[in-house]
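Examination of the molecular architecture
One letter stands for each residue in the lines below.
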Amino acid sequence: MGPLQRQAFRKVYGKILDLTTAEVFTEAVVSLTQYYDQPLRCFTFEDFQMVPTIEEFEEIIGCPLGERKPYLFFGFLPSLSKIAGVVRDSAKELDRMKQTWNGVVGLLRKYLEGKARDMASQEKWVPFADILALLIFGVVLFPNVDGLVDLAAIDAFLAYHHSKESPVVAILADLFDTFDRRFEKNSARIACCLPALYVWLVSHLFQQDIRHLCPLQSYRSCVEERRVDWDQHLARIGGSAINWFPRWKEGKEGVFFHVGTTLMFL
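Please read all numbers here as calculations on a predicted model, not as lab measurements. (Residues numbered from 1 in each chain as written. Predicted model: local features only at pLDDT ≥ 70, side-chain atom pairs only at ≥ 80, totals over all residues. Heavy atoms only, no water.)

1. Comments concerning the sheet that holds strand β3 (residues 49-50)
Strand order in this open sheet of three strands is β1-β2-β3, and the pairing throughout is antiparallel. With partners counted over all chains shown, the strands left at the sheet margins are β1 (36-37) and β3, one partner each. (Pairing = 2+ DSSP bridges. Helix = DSSP H or I, 4+ residues; strand = E, 2+ residues; numbered from the N terminus.)

2. Digging into the side chain of E165
Among the secondary structure elements, E165 is positioned in the loop between α9 (151-163) and α10 (168-184). Within the buried core, E165 has no salt-bridge partner, and the shortest N-O distance to an opposite charge, that of K69, equals 4.2 Å. (Buried < 20%, exposed > 50% of the residue type's maximum accessible area, 1.4 Å probe, protein only. Lys, Arg positive; Asp, Glu negative; His and termini not counted. Salt bridge = Lys/Arg side-chain N within 4 Å of Asp/Glu carboxyl O.)

3. Quick look at the pattern of salt bridges
The final tally for this structure, using the stated rule, is nine salt bridges. Across the salt bridge formed by D95 and K98, the nearest N and O atoms sit 3.7 Å from each other. Judged by relative accessible area, which is 43%, D95 ranks as partly exposed. Accessibility expressed as a relative area gives 34% for K98, which makes it partly exposed. Among the salt bridges present, the one from E113 reaches R109, with a minimum N-O distance of 2.7 Å. Of this pair, E113 and R109 both sit in helix α7 (residues 109-121), four residues apart, which is roughly one turn of that helix. In this structure R109 comes out as partly exposed when scored by relative accessible area, which is 34%.

4. Here's the deal with a nonpolar patch on the surface
Together, L72, F74 and F76 make up a nonpolar patch on the protein surface, roughly 400 Å² of accessible area in all. Along the chain, the position of F74 falls in the loop between α4 (54-61) and α5 (80-87). Note on F74: relative accessible area 64%, which makes it exposed. (Patch = residues over 30% accessible without salt bridge, like charges linked within 9 Å, V, L, I, M, F, W, Y side chains within 5 Å. Areas by Shrake-Rupley, 256 points an atom, 1.4 Å probe, with all protein chains shown as cover.)

5. Here's the deal with the packing of aromatic side chains
Applying the stated rule across the entire model yields 17 aromatic pairs. Between F43 and F179 the ring centres are 5.3 Å apart and the planes differ by 85°, which places this aromatic pair in the edge-to-face class. One end of the pair, F43, is in strand β2 (residues 42-44); the other, F179, is in helix α10, and 136 residues separate them in sequence. Of the two residues examined, F43 and F179, each falls in the buried class. Each member of the aromatic cluster is reached from another via a ring pair, and the members are F9, Y13, F137, F142, F157 and Y160. (Phe/Tyr/Trp six-rings, centres within 6.5 Å; stacked < 30°, edge-to-face > 60°.)

6. Brief notes about α4
Of all eight residues that make up α4, seven are buried, and the element is covered over most of its length. Inspection of α4 places E55, E56, F57, E58, E59, I60 and I61 among the buried residues, and these make up the whole buried set. A positive phi of about 75° marks G62, the residue just after α4.

7. Things to note about the pairing of strand β4 (residues 98-101)
Of the strand pairs in this sheet, β4 and strand β5 (residues 104-108) are connected by four bridges, and their pairing is antiparallel. Within the sheet, the bridge partner assigned to W101 lies in β5 and is V104. Counting the residues in the hairpin turn of β4 and β5 gives two residues, including N102, whose phi is positive at 50°.

8. Considerations on unusual backbone geometry
Non-glycine residue E123 carries a positive phi angle of around 55°. Counting through the fold element by element, E123 comes out in the loop between α7 and α8 (125-141). Under the relative-accessibility criterion, E123 is labelled exposed at 58%.

9. Brief notes about the packing of α8 against α9
Think of two packed helices as two axes; the pair is described by the angle between the axes and how far apart they sit. At a closest axis distance of 8 Å, the pairing of α8 and α9 adopts a crossing angle of 135°. Accordingly, the angle class assigned to the pair α8 and α9 is oblique. For the crossing formed where α8 meets α9, the hand is right-handed. Of the residues in α9, those in contact with D130, A133, L134, F137 and G138 of α8 are A153, I154, A156, F157, Y160 and H161. Across the contact of α8 with α9, the residue classes break down as eight nonpolar, two polar and one charged. (Axes fitted to C-alpha atoms, helices over the stretch in contact; angles between N-to-C directions. Parallel < 35°, antiparallel > 145°, perpendicular 65-115°, else oblique. Left-handed = near helix turned anticlockwise from the far one by under 90°. Contact = heavy atoms within 4.5 Å. Nonpolar A, V, L, I, M, F, W, Y, C, P; charged D, E, K, R; others polar.)

Geometry only, nothing functional implied.
Spelled out as structure tokens, the structure:
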């Protein structure tokens, strides 16, 4: 995409495209799982507790809840005819491409990527943007099975695309569900929106000298997190060292965001 296409994409879909380029250090997330407090649904360290909030994820993902309804999955998968209108293909072809892997029903990622490339080659930027956003919903925001875009993730995308329902609450719910399963089964795969979680973690653990208006810009300017031993860093960090009010929050209805931050000294 050129600059104009990127600008148009961000206007409709927020910062989800930027999340695809956020480098996540998996050792940081694995280390963080050791501090998950399942009964309280937060991360409990030696003398403080911390939890990602709706307000913070709204900023990271670029999708303020505002007057939007939060997206809620009611257990019904979307019809293929409804998906066909977005990917510009027939329901019959989608039925052929539909796969079930390990009990998860979805569309092949490589099929959707091919459709996106076709639209880009024809310079049909609106359908290209829609298919790209659908892919991001399935691969980044609601990942499940590698190589497959889950129909449940597509349902979240359609709710945003057609009704502007916010996925933020569902993304956080997916995150907590992932950590719950990890808590119950130590070997459980961590499948949630890791870029958003990692940006949130870095914004609180490392001080920023320069004020950035966007949490993703703030995250990219931080080089310290690339040099730390995450097990040691999280083991010795104290509440006094936490950046409770990251600089990208400055000037943004301070009381609203202060309420969204949990600070509990034991």
